[in-house]
Amino acid sequence: MKITDIKTAQARYSYVRVYTDEGLVGTGECSHCGSGWRKIVEDLKGTFIGKDPLDVDCLFEEARRAHIFRGALAGLFISALTGIEIALWDLAGKAMNVPVYRLLGGKFRDRIRLYVDSAHGGAEDFESYKKTADWVKEQGFTAIKFDLDDGSNPYKLDKWNWSVTPGELETLTERVAMMREAVGSKMDLAVDMHGFYDGYSGLKIACAVEPYNLLWLEEPVPPENIDALLRIKQATQTPLCVGENLYLRYGFRELLEKQAADIIMPDISKCGGLSECRKIANMAEIYYIPMAPHNNSGPLSTLADSHVCASIPNFLALEWHRMGDETWDDVLLTNEPLIQDGYVVLPDTPGLGAELDDDFVQQSSTDTPLFQ
Ligand code: MG
């Protein structure tokens, strides 16, 4: 079997489809792609056409190494390549007549625990947190995340300086107390700071929220300086989770070697794909660090991520960011909902296990035809 073409579709989410001379196709989704990603895929096509699509790791590495001078170290280039990688796994699974997790070494679990990113933050009151937490619990989820950073806090110095003031620290701590009361003592609770705060502020906040038994505090400081993060980690009992803006194994090396985080969160459909993230998880495992992948993507990406989450022992929870999205179940052609009782139930069908509903996806795309 040989690859004959690679096409992209831009709708609400970003899709890649790989075509072969035997009529089999594979589809992937890449995340956080700004404009330009489709041109990168177009440029990469020549590296893949005529090759055997089952050599997924080799093709990925060949394309990456051939484009180092053009940015294949991180960022949009890697995200575009990731879309191809995921489509190749879908194709390989179909060609071998097995689910993708089989090709990743088999599964440790049948269903993948999701946590809800409620995107709920800012000046929320207790009732608002409670309403969100109650809905999440009713749906069967066992973990929730709220945003904690607040650019509109009246005690903030200005929009550029993120040194926490006493009034702000008090407000943020009270908010975490409200969140914990709203979700109760048994549910996992994570909070996200989006990397906005400076070193000593991140440290102050991490220490101040210690009584609330967080699953994690996410990105107390920006992602570039691992030593700044390490200083906070060594000074607080609050677990830290980082990594949504790191790429490839190389991006996680220093973080893991210094053990500067308690939990890592690679974005699987952005930072290198299924094979690469399984390797990142394996690197983390030797430091006893679990993985809770970042995921702000669509159903196809969430399904693809789930195959990685099934194939690693140190999986904690996969993010789900689509609370209240009524079209969630329309994107994929499935016999039953992808998410059941707070878990992704992994299909046993070949490849990723579900096809994109092209007709539905077409409705949110100006591409005609959908894949170009
Ligand atoms: Mg985050």
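Residues numbered from 1 in each chain as written. Predicted model: local features only at pLDDT ≥ 70, side-chain atom pairs only at ≥ 80, totals over all residues. Heavy atoms only, no water.

(A) Looking closely at the sheet that holds strand 2 (residues 14-20). Overall, antiparallel pairing links the three strands, which are arranged 1-2-3 in an open sheet. The sheet is open, and its two borders are formed by strand 1 (3-10) and strand 3 (25-30), each paired with just one other strand. Averaged over neighbouring strand pairs, the angle between their axes works out to 20 degrees when direction is ignored. Sheet topology places strand 1 next to strand 2; seven bridges connect them, and they run antiparallel. For Ile6, the partnering residue across the bridge sits in strand 2 and is Val18. (Pairing = 2+ DSSP bridges. Helix = DSSP H or I, 4+ residues; strand = E, 2+ residues; numbered from the N terminus. Axes fitted to C-alpha atoms, helices over the stretch in contact; angles between N-to-C directions.)

(B) Main features of the packing of helix 9 (residues 248-257) against helix 11 (residues 274-285). Interhelical geometry of helix 9 versus helix 11 gives an angle of 15 degrees and a closest axis separation of 9 Å. Here helix 9 is positioned roughly parallel relative to helix 11, judged by the angle of their axes. Helix 9 and helix 11 meet at a crossing whose hand is right-handed. Packed against helix 9, whose contacting residues are Leu248, Arg249, Phe252, Arg253 and Leu256, the element helix 11 presents Glu276, Lys279, Ile280, Met283 and Ala284 at the interface. Tallied by class, the residues present in the contact of helix 9 with helix 11 amount to six nonpolar, no polar and four charged. (Parallel < 35°, antiparallel > 145°, perpendicular 65-115°, else oblique. Left-handed = near helix turned anticlockwise from the far one by under 90°. Contact = heavy atoms within 4.5 Å. Nonpolar A, V, L, I, M, F, W, Y, C, P; charged D, E, K, R; others polar.)

(C) Local environment of the state of the cysteines. Using the criterion set out here, one finds zero disulfides in the structure. Free cysteine: Cys241, not disulfide-bonded; nearest cysteine sulfur from Cys309 at 13 Å. With no disulfide of its own, Cys271 lies 3.4 Å from the sulfur of Cys277, the closest cysteine sulfur. (Disulfide = S-S within 2.5 Å.)

(D) View of helix 8 (residues 226-235). Listed as buried for helix 8 are Ile226, Leu229, Leu230 and Ile232. Viewed along the axis of helix 8, the buried residues span an arc of 165 degrees, placing them on a single side of the element. Lining the buried residues of helix 8 we find helix 7 (199-208), strand 8 (240-242) and helix 9. Where helix 8 begins, one side-chain oxygen reaches toward the backbone nitrogen of Asp227, 3.0 Å away; that side chain belongs to Asn225. (Buried < 20%, exposed > 50% of the residue type's maximum accessible area, 1.4 Å probe, protein only. Arc of directions from axis to C-beta. Polar contact = N/O pair within 3.5 Å; in protein donor to acceptor, adjacent residues only side chain to side chain.)

(E) Broad picture of the side chain of His294. If you trace the backbone, His294 turns up in the loop between helix 11 and helix 12 (299-310). Sequence-distant contacts of His294, that is, excluding residues within four places in its chain, are made with His32, Glu244, Met265, Pro266, Asp267, Ile268, Asp305 and Glu319.

(F) Main features of the nonpolar core. Ranked by internal contacts, the top residues of the largest apolar core, which has 111 residues, are Tyr15, Phe48, Leu255 and Leu274. Top contributing element to this core by residue count: helix 3 (residues 75-96), with 11 residues. Residue contributions to this core reach at least three from each of two domains, namely domain 1 (3-97 + 357-362) and domain 2 (103-349). Look past the residues within four positions of Leu274 in its chain and what remains in contact with it is Glu85, Ile86, Trp89, Val100, Leu104, Ile268, Ala304, Val308 and Leu352. Within the second largest apolar cluster, 10 residues are counted, among which are Tyr115, Trp216, Ala292 and Ala317. (Core = buried A, V, L, I, M, F, W, Y, C linked by side-chain atoms within 4.5 Å. Domains from an automatic or database assignment.)

(G) The arrangement of the domain arrangement of the protein in detail. Taken domain by domain, the protein comprises domain 1 (3-97 + 357-362) and domain 2 (103-349). Measuring from the centre of the C-alpha atoms in domain 1 to the corresponding centre in domain 2 gives 27 Å. Contacts between the two partners involve 28 residues from domain 1, matched on the other side by 31 residues from domain 2. When domain 1 packs against domain 2, the two sides together hide about 2,300 Å² of surface, and 62% of this comes from carbon and sulfur. Between domain 1 and domain 2 we count two salt bridges in total. Asp325 is paired through a salt bridge with Arg12; the nearest N and O atoms lie 2.9 Å apart. (Buried area = accessible area lost by both parts, 1.4 Å probe. Salt bridge = Lys/Arg side-chain N within 4 Å of Asp/Glu carboxyl O.)

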